[in-house]
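If you want the building blocks of each chain, they are given just below.
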Amino acid sequence: EALAQRIGLGACIAFRLFAGQPRILLARAALLFQACPQGFGLALLEAMLCERPLVASSVSSIPEIVAEGLTGLLVPPDDVAALAAATLAARLLLN
């Protein structure tokens, strides 16, 4: 969180999502979903509902949810440089 503040992304990123409040938390942000393999990314659908840019790991069923370049950006798992580049690209979409 401190790094996000230092590089000017603090106001654009919510580090915690609370069940039942996605519209509030996603009102001004892109969703970064650097996830471990799991069954389904419900938070991705909630971000889509709020028309927010998505940056997500290309793992599990996530590539079936996120259409690369259309509904979001996919990055390789554990690739910090790709995640950072995609985050900056998503930030541009917010402006």
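Residues numbered from 1 in each chain as written. Predicted model: local features only at pLDDT ≥ 70, side-chain atom pairs only at ≥ 80, totals over all residues. Heavy atoms only, no water.

Engineer: For the overall build of the protein chain, give the residues involved together with the corresponding values.
Structural biologist: Helix and strand counts for the protein chain stand at five helices and three strands. Ordered by position in the sequence, the α and β elements of the protein chain form the string α-α-β-α-β-α-β-α. Among the 95 residues that make up the protein chain, the fraction classed as buried is 36%. For the protein chain, the share of sequence-separated contacts (at least 6 apart) that also reach a separation of at least 24 residues comes to 32%. As displayed, the protein chain offers around 5,800 Å² of accessible surface, 61% of which is attributable to carbon and sulfur atoms. (Helix = DSSP H or I, 4+ residues; strand = E, 2+ residues; numbered from the N terminus. Buried < 20%, exposed > 50% of the residue type's maximum accessible area, 1.4 Å probe, protein only. Contact = heavy atoms within 4.5 Å. Areas by Shrake-Rupley, 256 points an atom, 1.4 Å probe, with all protein chains shown as cover.)

Engineer: So, a nonpolar patch on the surface: which residues are in play, and what are the values?
Structural biologist: Judged by side-chain polarity, Phe40, Leu42 and Leu45 come together as a nonpolar surface patch covering roughly 280 Å² of accessible area. In this structure, Leu45 sits in helix α3 (residues 42-49). (Patch = residues over 30% accessible without salt bridge, like charges linked within 9 Å, V, L, I, M, F, W, Y side chains within 5 Å. Salt bridge = Lys/Arg side-chain N within 4 Å of Asp/Glu carboxyl O.)

Engineer: How would you sum up the confidence of the model for the protein chain? Please name residues and give values.
Structural biologist: When the pLDDT values of the protein chain are averaged, the result is 75; 69% of them are 70 or greater. Here helix α2 (residues 22-25) stands out as the least confident element of the protein chain, with mean pLDDT 45; strand β3 (residues 73-75) is the most confident, with 92. Within the model, the stretch residues 21-27 combines pLDDT values under 50 with 15 contacts to residues more than four positions away or in other chains. (pLDDT = per-residue confidence, 0-100.)

Engineer: Pulling in residues and values, what's your account of the nonpolar core?
Structural biologist: Leu31, Phe33, Ala43, Leu44, Ala47, Leu54, Ala56, Val59, Ile62, Ile65 and Val66 together form the largest nonpolar core, which totals 11 residues. For this core, the elements supplying multiple residues, two or more each, are β1 (31-33), α3, β2 (54-57) and α4 (62-65). By residue number, the principal contributor to this core is α3, which donates three residues. Val75, Ala82, Leu83 and Ala86 belong to the second largest nonpolar core, which has six residues in total. (Core = buried A, V, L, I, M, F, W, Y, C linked by side-chain atoms within 4.5 Å.)

Engineer: Residues and numbers for α3, please.
Structural biologist: Listed as buried for α3 are Ala43, Leu44 and Ala47. Viewed end-on, α3 has its buried residues packed into an arc of 105°, placing them on one side of the element. Of the residues one or two after α3, Glu51 is the one with positive phi, at around 55°. (Arc of directions from axis to C-beta.)

Engineer: Describe the pairing of β2, naming the residues involved and giving the relevant values.
Structural biologist: Burial of the side chains of β2 extends over both faces: Leu54 and Ala56 are buried on one face and Val55 and Ser57 on the other. Bridging between β2 and β3 involves three bridges; their strand directions are parallel. Bridge pairing in β3 places Ala56 opposite Leu74. (Pairing = 2+ DSSP bridges.)

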